[in-house]
Amino acid sequence: MSNFRWNFRSIVFLLLLLDILAILVFYPAKSQAELPKPDVSTTEVEESKAPEAVVNQTVDTSIPPLTSKKATSPERVTPVSQLLQAVPPTNKKAPNNAAGQVTSVSQLSDVLPTDWAFQALQSLVERYGVIAGYTDDTFKGNRALTRYEFAAGLNAALERLNELIATSTADLVKREDLDAIKKLQEQFSPELAQFRGRLDNLETRTAKLEANQFTTTTKLIGRAQIVLGSVLAGNNVVTKRPAPRNTTLQGSTTLRLNTSFNGQDSLSLSLSGGNIESLGQTRAGLLGTFEGRTADNSSITFARNTILLGGVRYRFLPNPDTQVNIYALSDGASEIGLSGPINPYFESSSATGANGISRFSRRSLVYNYGDSGPGIAILQKLGKQVQVGIAYSAPNGGNPTANNGLFTGRYLALAQIIYYSSNRNFRVAATYVNTYSPANTQGLSGTNFGPAVGSNLVNSTVAGAGTVANLYGLQAFYQVNSKLAINGWISYGAHRYLGRGDGSAMDWAVGLAFPDLFSEGALGGILVGMEPKLTRLSQGVNLGAGAGQADKDTSLHVEAFYQYKIGDNIEVTPGLIWITAPDSDANNPDSLFAWVRTVFRF
């Protein structure tokens, strides 16, 4: 086995070099796009991968850009996290505290001879008398100017000039000034005429666009992806036979409609469809396990190439410090934006989907027990550096049958507190989740209970018995500099198989991100961790491996990817996922699969 694993590392290293070389040779264009920031804000959109992606929507955050380029934000509904920096809008009118006309610039206490605009102010005050100060004898030259104030000042200046001209006050309005203005008008008349023509043309085109636009309040955002993938090594952990090595080319598309009714809210609907197959599921699929599950898989419970209404959510701000998300179909942990702020380079923003290749690389165990369904999530700002979030989701809340419904079926209740450093380059979050799944029910992820990543035992339940879990997670992120970031987490889950016994689950991971690697706007990522595994099980519980039998070995997840941007709307991300001791069983040979994702945004 040691020789085999040495060869494995050689294969991984060689394939990564080939991926990078291929991109640099065939796509040498310099990227113009920035890494998606945990923006909302977003920016706030996030439903991306179809159709399952809607189960993992994230609220974009206001963490400052982690690269030097400016990001383009497809939707601007301000989240609470962005309000940590933004100045809330106000309806209050500026006080009318202007003083009378000043006759000398020296009357303005905050205007000094060294100021760059001193001579201009001196001329306007002493020659034309069109400048007024404030009641405290200041000019407030650094204060922002409103359109109303500009119009009033311009009108006063024009009236004063007309008055001076009418009274023939030659000493104030000098003939050479008028001659200079006339000469400038004559010299620049062609440019002025051209400008007027361009302005008229622009007004015509704008009127045409407004007359034919889809809507004044709704934006249509599209995302399509093509994925080339193949299992390179590994067995099916159930049959113990080699998994097929077939190369596939698959894809998915999401169309999202974002509507704002007052500028401070957002109604989001997404239509999605695709045929990207999961390489494995619990005791099913090519590998017979969820370990190494990719982030792009279509929903297990829907037929391929079916167009689905994948997300329905209304988001609003009852006050500047509070954001409320009410959703008919989404995931509470994602709607509250819990993994995005902690793991921005792997999770990415809502608009772009995941950067990491695997589902595991995006988020810890504590976020993954949820499923798509109705619920509510609330974000609350506490000062400038602390944010609290709570959420309640019912994965089968739209199903009126027995053991389902909003309050009588499967649910997930979540609470989290996030601390941000003052310069926003460090953040840490503590999370608690309580979840319950009735016996014999199934969510859109195809599971009754469990994180839908990790070993088969951690995703298993006892037939005919409900399951309760209390989950605890600690996650952190640190931006070392503009070229390096570190993130990591550790999670613990306490399972109770009602009437049968208890079990324990754990996972952990450490990731390194390399912004602008080899090219501006590009991103490299490496992650090593242990996917969720069952570490302990009561003797009275049998989850398929025998009474009291938990996972016996440790399986490591090693992942590497390189994202290269071609302009603002296309990105190519090759990557590899290597799983040691699949299904937490050292008797299973290591598995390796390659994934090349190409994303188009429009």
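Our subject in this report is the structure included herewith. (Residues numbered from 1 in each chain as written. Predicted model: local features only at pLDDT ≥ 70, side-chain atom pairs only at ≥ 80, totals over all residues. Heavy atoms only, no water.)

1. Observations regarding a nonpolar patch on the surface
- A cluster of nonpolar side chains, namely Leu474, Tyr478, Val480, Ile486, Ile490, Trp508, Val510, Leu512, Ile526, Val528 and Leu556, defines an oily patch on the protein surface of about 820 Å² accessible area.
- Elements with a contribution of two residues or more to the nonpolar patch: β14 (467-481), β15 (484-497), β16 (501-515) and β17 (523-537).
- As for its placement among the helices and strands, Val528 is situated in strand β17.
- Taking relative accessible area as the criterion, Val528 reaches 31% and is therefore assigned partly exposed. (Patch = residues over 30% accessible without salt bridge, like charges linked within 9 Å, V, L, I, M, F, W, Y side chains within 5 Å. Areas by Shrake-Rupley, 256 points an atom, 1.4 Å probe, with all protein chains shown as cover. Salt bridge = Lys/Arg side-chain N within 4 Å of Asp/Glu carboxyl O. Helix = DSSP H or I, 4+ residues; strand = E, 2+ residues; numbered from the N terminus. Buried < 20%, exposed > 50% of the residue type's maximum accessible area, 1.4 Å probe, protein only.)

2. A closer look at the packing of aromatic side chains
- Evaluated as defined, the whole model comprises eleven aromatic pairs.
- Plain terms: the ring middles of Tyr392 and Phe407 are 6.1 Å apart, the flat faces sit at 25° to each other, and that makes the pair stacked. In this pair, Tyr392 sits in strand β11 (residues 386-393) while Phe407 sits in the loop between β11 and β12 (411-420), placing the two residues 15 residues apart along the sequence.
- For Tyr392, a relative accessible area of 22% translates into the label partly exposed.
- On the basis of relative accessibility, which here comes to 66%, the residue Phe407 falls in the exposed class.
- Between Tyr411 and Tyr436, the ring centres sit 6.2 Å apart and the planes meet at 40°, which makes this aromatic pair tilted. Of the two residues, Tyr411 is situated in strand β12 and Tyr436 in strand β13 (residues 426-437); the sequence distance between them amounts to 25 residues.
- Feature note: the residues Tyr392, Phe407, Tyr411 and Tyr436 constitute an aromatic cluster, connected by ring pairs.
- A cation over an aromatic ring shows up here: Arg424 above the ring of Tyr420, its NZ or CZ 4.0 Å from the ring centre. (Phe/Tyr/Trp six-rings, centres within 6.5 Å; stacked < 30°, edge-to-face > 60°. Lys NZ or Arg CZ within 6 Å of the ring centre and 35° of its normal.)

3. With respect to the pattern of salt bridges
- Applying the stated criterion across every chain, the model contains seven salt bridges.
- Three or more residues are tied together by salt bridges with common partners; here these are Lys565, Glu571 and Arg601.

4. Side note on unusual backbone geometry
- Of note in this structure, Ala452 is not a glycine but carries a positive phi near 60°.
- Checked against the element boundaries, Ala452 lands in the loop between β13 and β14.
- A positive phi is found at Phe518, a non-glycine position, where the angle reads about 70°.
- Here Phe518 is to be found in the loop between β16 and β17.
- We classify Phe518 as exposed; its relative accessible area is 55%.

5. Considering the environment of Ala224
- The residue Ala224 is located in strand β3 (residues 218-233) in this model.
- Accessibility expressed as a relative area gives 17% for Ala224, which makes it buried.
- Separated by 346 residues in the primary sequence, Ala224 and Ile570 place their C-alpha atoms 9.8 Å from one another.
- Apart from the residues within four sequence positions on either side, Ala224 is in contact with Ser252, Thr253, Thr598, Val599, Phe600 and Phe602. (Contact = heavy atoms within 4.5 Å.)

6. Side note on the side chain of His557
- For His557, the position within the fold is in strand β18 (residues 557-566).
- A polar contact of 3.3 Å, which involves the side chain of His557, links it to the side chain of Ser358.
- Not counting chain neighbours up to four residues away, the residues in contact with His557 comprise Gly292, Ser358, Phe360, Leu527, Val528, Gly529, Glu531, Ile577, Trp578 and Ile579. (Polar contact = N/O pair within 3.5 Å; in protein donor to acceptor, adjacent residues only side chain to side chain.)

7. So, the pairing of β16
- Two elements, β15 and β16, share 13 bridges in a ladder whose sense is antiparallel. Each residue of the ladder has a partner; that of Ser491, found in β16, is Asp507.
- Between β15 and β16, which pair antiparallel and follow one another directly, the connecting turn spans three residues, one of which, Gly499, has a positive phi of 80°.
- With twelve bridges joining them, β16 and β17 adopt antiparallel strand pairing. The residue of β17 that forms the bridge with Trp508 is Met530. (Pairing = 2+ DSSP bridges.)

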